[in-house]
Amino acid sequence: MKSFMNTFNTAKDNAAGDDLNLTLDDAFKLLEQEQLETLTKELQEHFCSKVLPVCAKIVYLEHGSLLDLPSDIMKKILVEMVALGESEPYGVVGGTLVVHFVLETPDNINKSTRIGRFPLKPELPSTFELHLTLFPSTQVKYRIANLVGKFQGKPNKLVIDQRFTLTKKKLYR
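Everything numeric here is computed off the predicted structure, so don't read it as measured data. (Residues numbered from 1 in each chain as written. Predicted model: local features only at pLDDT ≥ 70, side-chain atom pairs only at ≥ 80, totals over all residues. Heavy atoms only, no water.)

Draft legend 1. A look at the environment of S112. Relative to the assigned elements, S112 resides in strand β3 (residues 110-119). In sequence terms S112 and T133 are 21 residues apart; their C-alpha atoms lie 8.4 Å from each other. Not counting the four nearest positions on each side in its chain, S112 is found in contact with H100, F101 and V102. (Helix = DSSP H or I, 4+ residues; strand = E, 2+ residues; numbered from the N terminus. Contact = heavy atoms within 4.5 Å.)

Next comes the structure, spelled out in C-alpha cells:
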C-alpha cells in the first residue's frame, strides 16, 4: 500500500508539473506575442513619421498629391522586416532601413530613386541594412480614380503597389 501511495503521489506531482509547464508555455507565448505587437507598432510609427514624408518629398509628387500605402501592405512589410531582423544581435531595431522607390518613366523604363537611410534605433550601432524597394501601383482602378478626381478638383493619389522587395545586407561577418 505504501508503494502505491508513493506512485500515486508521484503521478499526481507529475501531472501538476505538466499543467505548470503548459501554463508557462502559454505565458511565454502571450509575452512574445505582446512584444511582437509592441515592436510592430513602434516600427509602423517610425515608418509613418519618418519614411513616408521623405518618400513623398523625394518622389516629387505634384502639389497637393497624396502618397497612399495601404495598411495590408504596411503589415506585410513590417512582418517581413521583423522576420529578417529577428536573428540579429539587437533584433530588428539594430538595423537601418534603406528605401528605394521605382518609378516608370514615359519611355517605359523603370527608374529607381533612393529615398534615404533610416536607422530604426539611432542610439544603437547598425549591424545590418534592410533594403526596401517600393513600386507604384499600376492598377486601372487607381488611374480611373485619379482621372475622375482630377475632374472633381481632388489631388492625385499615388498608391504603393502590393509587390515590394525587402533584402537584408549584413554589415559584419
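Next comes the rest of the account.
Draft legend 2. Structural context of the layout of surface pockets. Computed from the structure, the second largest pocket encloses a volume of approximately 290 Å³. Sorting the residues of the lining of the second largest pocket by element identifies α1 (2-58) and α2 (71-85) as the ones contributing at least two each. Of the residues forming the lining of the second largest pocket, the biggest block, 6 residues, is contributed by α1. Here the lining of the second largest pocket is built from residues that sort into 7 nonpolar, 4 polar and 3 charged. (1 Å grid on protein atoms, 1.4 Å probe; cavity = no way out; pocket = protein on both sides within 12 Å on 5 of 7 lines; lining within 4 Å. Points joined across faces, edges and corners; volume = space filled by probe spheres on them. Nonpolar A, V, L, I, M, F, W, Y, C, P; charged D, E, K, R; others polar.)

Draft legend 3. Molecular detail of the nonpolar core. By size, the foremost hydrophobic cluster in this structure holds 29 residues, and its most contacted members are F47, M81, V92, L97, F101, L132 and L134. At the level of elements, α1, α2, β2 (95-104), β3, β4 (128-136) and β5 (157-170) are the ones that each hand at least two residues to this core. Looking at this core, the element that brings in the most residues is α2, giving 6 residues. Beyond its immediate stretch of four places on either side in the chain, L97 contacts F47, V51, M81, G116, R117, F118, L120, L130 and L132. (Core = buried A, V, L, I, M, F, W, Y, C linked by side-chain atoms within 4.5 Å. Buried < 20%, exposed > 50% of the residue type's maximum accessible area, 1.4 Å probe, protein only.)

Draft legend 4. Quick look at the packing of aromatic side chains. Per the counting criterion, the structure on display carries 0 aromatic pairs. The ring of F135 has R163 sitting right over it, with the charged end atom 4.3 Å from the ring centre. Sitting above the plane of the F128 ring, K168 keeps its charged end 5.9 Å from the centroid. (Phe/Tyr/Trp six-rings, centres within 6.5 Å; stacked < 30°, edge-to-face > 60°. Lys NZ or Arg CZ within 6 Å of the ring centre and 35° of its normal.)

Draft legend 5. How the structure looks around the environment of L124. Within the element layout of this structure, L124 appears in the loop between β3 and β4. The spatial distance from the C-alpha of L124 to the C-alpha of V93 is 8.0 Å, given a sequence separation of 31 residues. Look past the residues within four positions of L124 in its chain and what remains in contact with it is Y90, V93 and G94.

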